[in-house]
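# Geometric and topological summary
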Protein chains: 2
Amino acid sequence: MISTESMQFLSAINSSLPLLATTGETADSSLVVAAVLLSLVVVYFASKLGGELSNRFGLPPVLGELVGGVVVGISVLHFLVFPETGADSSSSLIISFLKTTAGLNPDAAESVFVAQSEVISVLAELGVIILLFEIGLESNLKDLMAVGIQATIVAIVGVAVPFAAGTAGLMILFGIPAVPAIFAGAALTATSIGITSKVLSELGRLNSKEGQIILGAAVIDDVLGIIVLAVVASLAKDGAVDVGKVVYLIISASGFLLGAIALGNLFNKTFVAIVDKLKTRGELVIPAFIFAFVMAYIAAVIQLEAILGAFAAGLVLEETDKRKELQKQIVPIADMLVPIFFVTVGAKTDLSVLNPAVPTNREGLVMACFLILIAILGKLVTGFSVFGQPQINRLAIGVGMIPRGEVGLVFLGIGSSINILSKPLEAAIIMMVIITTFLAPPLLRFVFPEPTLVSPESNELLLDGSSGTSLAINSSNSESLEANPNSQEAN
Amino acid sequence: MISTESMQFLSAINSSLPLLATTGETADSSLVVAAVLLSLVVVYFASKLGGELSNRFGLPPVLGELVGGVVVGISVLHFLVFPETGADSSSSLIISFLKTTAGLNPDAAESVFVAQSEVISVLAELGVIILLFEIGLESNLKDLMAVGIQATIVAIVGVAVPFAAGTAGLMILFGIPAVPAIFAGAALTATSIGITSKVLSELGRLNSKEGQIILGAAVIDDVLGIIVLAVVASLAKDGAVDVGKVVYLIISASGFLLGAIALGNLFNKTFVAIVDKLKTRGELVIPAFIFAFVMAYIAAVIQLEAILGAFAAGLVLEETDKRKELQKQIVPIADMLVPIFFVTVGAKTDLSVLNPAVPTNREGLVMACFLILIAILGKLVTGFSVFGQPQINRLAIGVGMIPRGEVGLVFLGIGSSINILSKPLEAAIIMMVIITTFLAPPLLRFVFPEPTLVSPESNELLLDGSSGTSLAINSSNSESLEANPNSQEAN
């Protein structure tokens, strides 16, 4: 359809776009934009098809987004593949499509592929940062504090039990040496806040007592996981625990979370005063993002995770009069960016480790079954550690802590990088992460009864809420939004 | 604050994040995310400070965003610099800040810098794509068609007059040879749709007759500019015009725009039917983005610009019942992404070409004055080519066509790449682009009287509209949104 000459011409335009060019030497900028546009189209197709199908079957949409990601990713269709899963540009269908339709030069394919993967990965990271900011905005600090002790106990039990049982089991049953066994045990500790909070939000259970305990415990347990990681990594590297580092992490983590909350009370009024002074578009969203991104940056720099900073920022802004307005404005932004995260997680999941035809997989499968069992049981018992709450759904709390997601893979990555994990054990850890991540959404749906809350109507209510603005168009009184008691639950 | 050991530990975590890692070999992914977060904080500070100050002085906010970008960019503070403006990681204050606070290894600085620039540049491109999609959603196809003939004449006059006068003047007054003179003349042709449409939108004039003529003419003139570029580039390279290429471009451009409109009428009902079937979050935004990004991709592939595809997608969806709902949901997304484009344009603008201490600049300054004069007068006359509209503000139309923006720089880039432009002529073209881009917003503000339309209230009205949803929360009837006659104007 396009002649060679016009292709040359196109690439002449592309290679000489000084204003919009990105990395002149490495990748052709307008082709990178084209690759990103195609990737987003694939992501959105996968997330909508998966999410809608999942919803039809009464399951949380996020499960469908994850599965949709698996289908378009490295495991099945190869539309969206990433360099770190061992793929190169020749295995990416998006790059092949660009070669056919946009005259992408094969020599330039690798650099466009790397740049596209970089951009989509960062967009996915922004997506999970926005997700946690939104979750923070929907959570109430006082409610979280009210369940603080229960959440702490759930977190500690949920870290200690799988760690101890996993390590001991691997050593005793499988004869694994102590250090790799400790590493694998540590990989069983931290709950994935992203997946758990998204499912709770979709079930309309984020602000139930169970939801608050799960969320609080997931945050604490993420911090504990980072500390366990520090201990285990220094143990594996030097054969001894670096106490100074552990103390530093504990102090910086508690300092950050408590400091954010304390400063938040002072900052609240300043934030509202600034927003009220601004008169141009984005007068609420932009200051909110400045705050959220600064907090995310600080959290990342003090060796916590960026998402914890974004969550803290959301919690602080939830205390302001602007929360309802901000919640409404964040919805379409989250709708645009959050699916990129979940589809990318799915796309990067390589299901070939589940193939029993490969010998190391078979050995790994047995260990995986053991690790999965410990991963599930070790978190289920946490629900029974909650005291003073006779009415609480203990099973739901335990189930809510099951998904391991990316944190488990961080352990795997560090273990691999220092060569202390055997191939079967590596495969077993990957399988444990995959299964717990994909199992949690349907299980959570199952243990939280009253399915009406996740019915199509509740989603429609939310979406209409974010867009049906005719009657309130001239109302600048954000408090009037309080009239809708469902918005928080439905969201 | 952070010990060397914890830095090593941090980089161990970073380098082994398999799930969230991007390009393992080239750049450390979590540091890239940190760099992007910092860049966004800088972008948002610059856009809000600039935009608000500009608004206080009664000028369009976008002018302030551009100036804010200049201040944080290559010309002044060096927070946000890009490889293609000749900067490297050592001149980026964000990279220096990362070295100090996040333990960025100097060896890794260059790759993080390149990746950060890549991501911000793509986000800026997404920003202008979303902007044109939003502008399309706010424009009415029938209104545009009603002024179609006037817009076409304005576009043709606005391409022909500056091209002829610029080329002739450079040859006669400055003794420039024919081919470089033709190149510089061609750089005077195409109006920047992004800047002009944003200013019109901010002035509440997008849907005035003048606004529609300017917008229509800017779209046509962008297409004409691409054709002129094809002619001039083949002339410069081969000494002859490739007629086949020109015919191909004319056919593909008209085919795309007319085809989009024709298919749009068929696609409208399908789009609404699909959206009505979807029951999970993002049920409107995601299908709309799939459509917009596919159109942007097609436009880019047939050698038009991606933004023209997004604009056409917006125009098509404006015809559906969902337009009001979609307009509301697009607002916060645009508020988040569009400033990245304008601040980036400012940040990439190197004002050092204006320094008269450099000898080539002095020669260039004289030529620049001539080019700027032709650039302004050549577009001002277009207003007087409008016929059959006795009441029309002819001056406003001419002024609206003045900003050249990125298209002029595309000509410059191609001219540089084939070495036919002298240094002074290159500097003169850059100055012409800078001055017309920065002059147009205040001039447009000046020639459109009734300043009340750009008052703070109209912006507040818009923002409240996008978030004040309490009373309409259960209304799924998007038609009821028609009740607000101001939303289109205010936007």
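Residues numbered from 1 in each chain as written. Chains lettered and ligands numbered in written order. Predicted model: local features only at pLDDT ≥ 70, side-chain atom pairs only at ≥ 80, totals over all residues. Heavy atoms only, no water.

## Quick notes on the overall build of chain A
The secondary structure content of chain A amounts to 20 helices and zero strands. Buried positions account for 65% of the 491 residues belonging to chain A. When contacts within chain A are restricted to residue pairs at least 6 apart in sequence, those whose partners lie at least 24 apart make up 77%. Total accessible area on chain A is roughly 16100 Å²; 69% of this is exposed by carbon and sulfur atoms. (Helix = DSSP H or I, 4+ residues; strand = E, 2+ residues; numbered from the N terminus. Buried < 20%, exposed > 50% of the residue type's maximum accessible area, 1.4 Å probe, protein only. Contact = heavy atoms within 4.5 Å. Areas by Shrake-Rupley, 256 points an atom, 1.4 Å probe, with all protein chains shown as cover.)

## Side note on the packing of aromatic side chains
For any pair of aromatic rings, the description consists of the separation of the ring centres together with the inter-plane angle of the planes. Taken as a whole, this structure holds 17 aromatic pairs over all chains when the rule is applied. Between F289(A) and F293(A) the ring centres are 5.3 Å apart and the planes differ by 5 degrees, which places this aromatic pair in the stacked class. Of this pair, F289(A) and F293(A) both sit in helix α12 (residues 285-301), separated by four residues, roughly a single helical turn. There is no split in this pair, since F289(A) and F293(A) are both buried. Aromatic side chains F267(B) and F291(B) sit 4.4 Å apart centroid to centroid with 25 degrees between the ring planes, which places their arrangement in the stacked category. (Phe/Tyr/Trp six-rings, centres within 6.5 Å; stacked < 30°, edge-to-face > 60°.)

## Observations regarding the packing of helix α11 (residues 243-277) of chain A against α12(A)
All names here are of chain A. Between α11 and α12, the least distance of the axes is 12 Å, while the angle of their chain directions is 160 degrees. As summarised for this structure, α11 and α12 are arranged roughly antiparallel, according to the angle between their axes. α12 is crossed by α11, and the crossing has right-handed handedness. Judged by residue contacts, F256, A260, F267, F271 and V275 of α11 engage P287, A288, F291, M295, I298 and A299 from α12. Class assignment of the residues belonging to the contact of α11 with α12 gives a composition of 11 nonpolar, no polar and no charged. (Axes fitted to C-alpha atoms, helices over the stretch in contact; angles between N-to-C directions. Parallel < 35°, antiparallel > 145°, perpendicular 65-115°, else oblique. Left-handed = near helix turned anticlockwise from the far one by under 90°. Nonpolar A, V, L, I, M, F, W, Y, C, P; charged D, E, K, R; others polar.)

## Let's talk about unusual backbone geometry
Note on backbone geometry: most residues besides glycine have negative phi, and most peptide bonds are trans. The phi torsion at H78(A) lies on the positive side, around 65 degrees, for a residue other than glycine. Counting through the fold element by element, H78(A) comes out in the loop between α3 (61-72) and α4 (93-101).

## Here we look at helix α10 (residues 209-238) of chain B
Residue and element names in this part refer to chain B. The first and last C-alpha atoms of α10 sit 43 Å apart over 30 residues, in line with the 44 Å expected at 1.5 Å per residue. α10 sits mainly inside the fold: 23 of its 30 residues count as buried. G239 sits one or two residues past α10 and shows a positive phi near 75 degrees. (Expected span 1.5 Å × (residues − 1).)

## What to know about the pattern of salt bridges
As enumerated under the stated definition, the model contains 13 salt bridges over all chains in all. D335(A) is the salt-bridge partner of R281(B), the closest N and O atoms lying 2.8 Å from each other. In this pair, R281(B) sits in the loop between α11 (243-277) and α12 (285-301) while D335(A) sits in helix α14 (residues 323-348), so the two residues belong to two different chains. Assigned by exposure class, R281(B) and D335(A) land together as buried. (Salt bridge = Lys/Arg side-chain N within 4 Å of Asp/Glu carboxyl O.)

## Some points on the packing of helix α9 (residues 193-202) of chain B against α10(B)
Between two packed helices, the angle of one axis relative to the other and the distance separating the axes together describe the packing. Residues and elements named next belong to chain B. Interhelical geometry of α9 versus α10 gives an angle of 170 degrees and a closest axis separation of 10 Å. Relative to α10, α9 is oriented roughly antiparallel. Where α9 abuts α10, its residues I193, T196, S197 and L200 lie against G211, I214, L215, A218, V219 and D222. A breakdown of the residues in the contact of α9 with α10 according to their chemical character gives six nonpolar, three polar and one charged.

## Focus on the nonpolar core
One finds L98(A), F133(A), F293(A), L98(B), F133(B) and F293(B) to be the most contacted residues of the largest nonpolar core, which totals 329 residues. Once residues within four sequence positions are removed from consideration, F133(B) is found in contact with A288(B), F289(B), A292(B), A310(B), F311(B), A313(B), G314(B), L317(B), L326(B) and I330(B). (Core = buried A, V, L, I, M, F, W, Y, C linked by side-chain atoms within 4.5 Å.)

## Quick word on the side chain of S89(B)
Residues and elements named next belong to chain B. Mapped onto the fold, S89 is located in the loop between α3 (61-72) and α4 (93-101). Only 2.8 Å separates the side chain of S89 from the side chain of E110, close enough to count as a polar contact. Setting aside residues up to four positions removed in sequence, S89 forms contacts with I95, A109, E110 and F113. (Polar contact = N/O pair within 3.5 Å; in protein donor to acceptor, adjacent residues only side chain to side chain.)

## What to know about helix α15 (residues 359-380) of chain B
An ideal rise of 1.5 Å per residue puts 32 Å on 22 residues; α15(B) measures up with 32 Å between its terminal C-alpha atoms. Remark: the principal bend of α15(B), roughly 25 degrees, maps to L365(B). (Bend = angle between axes of the 7 residues up to and from the residue.)

## With respect to a nonpolar patch on the surface
All names here are of chain A. Together, V67, V71, V76, L77, F79 and L93 line one region of the surface with nonpolar side chains, adding up to about 430 Å² of accessible area. Residue placement: V76 occurs in the loop between α3 and α4. Classification of V76 by relative accessible area gives partly exposed; the value is 46%. (Patch = residues over 30% accessible without salt bridge, like charges linked within 9 Å, V, L, I, M, F, W, Y side chains within 5 Å.)

## Comments concerning the environment of G216(A)
All names here are of chain A. Here G216 shows up in helix α10 (residues 209-238). When the C-alpha positions of G216 and A109 are compared, they lie 45 Å apart, and in sequence the two are 107 residues distant. Leave out the neighbours within four places in its chain, and G216 touches L144 and A151.

## Things to note about the environment of L351(B)
All names here are of chain B. Along the chain, L351 falls in the loop between α14 (323-348) and α15. L351 sits in the partly exposed class, given a relative accessible area of 31%. Sequence spacing of L351 and I430 is 79 residues, and the spatial spacing of their C-alpha atoms is 9.1 Å. Apart from residues lying up to four places away in sequence, L351 is in contact with V70, S75 and I434.

## Some details on the environment of P106(A)
Its location among the elements puts P106(A) in helix α5 (residues 106-138). Each C-alpha atom, one on P106(A) and one on S90(A), is 9.1 Å from the other, the two residues being 16 residues apart in sequence.

## With respect to the confidence of the model for chain A
Any segment with low pLDDT has predicted coordinates that should not be analysed in fine detail. All names here are of chain A. Predicted confidence across chain A gives a mean pLDDT of 80, with 85% of residues reaching 70 or more. Note that residues 1-26 has pLDDT below 50 and, in this model, 67 contacts with residues that lie over four places away or in other chains. In the model, residues 451-491 has pLDDT below 50 throughout and makes 112 contacts with residues more than four positions away in sequence or in other chains. Quick note on the complex model: pTM equals 0.82, ipTM equals 0.82. (pLDDT = per-residue confidence, 0-100.)

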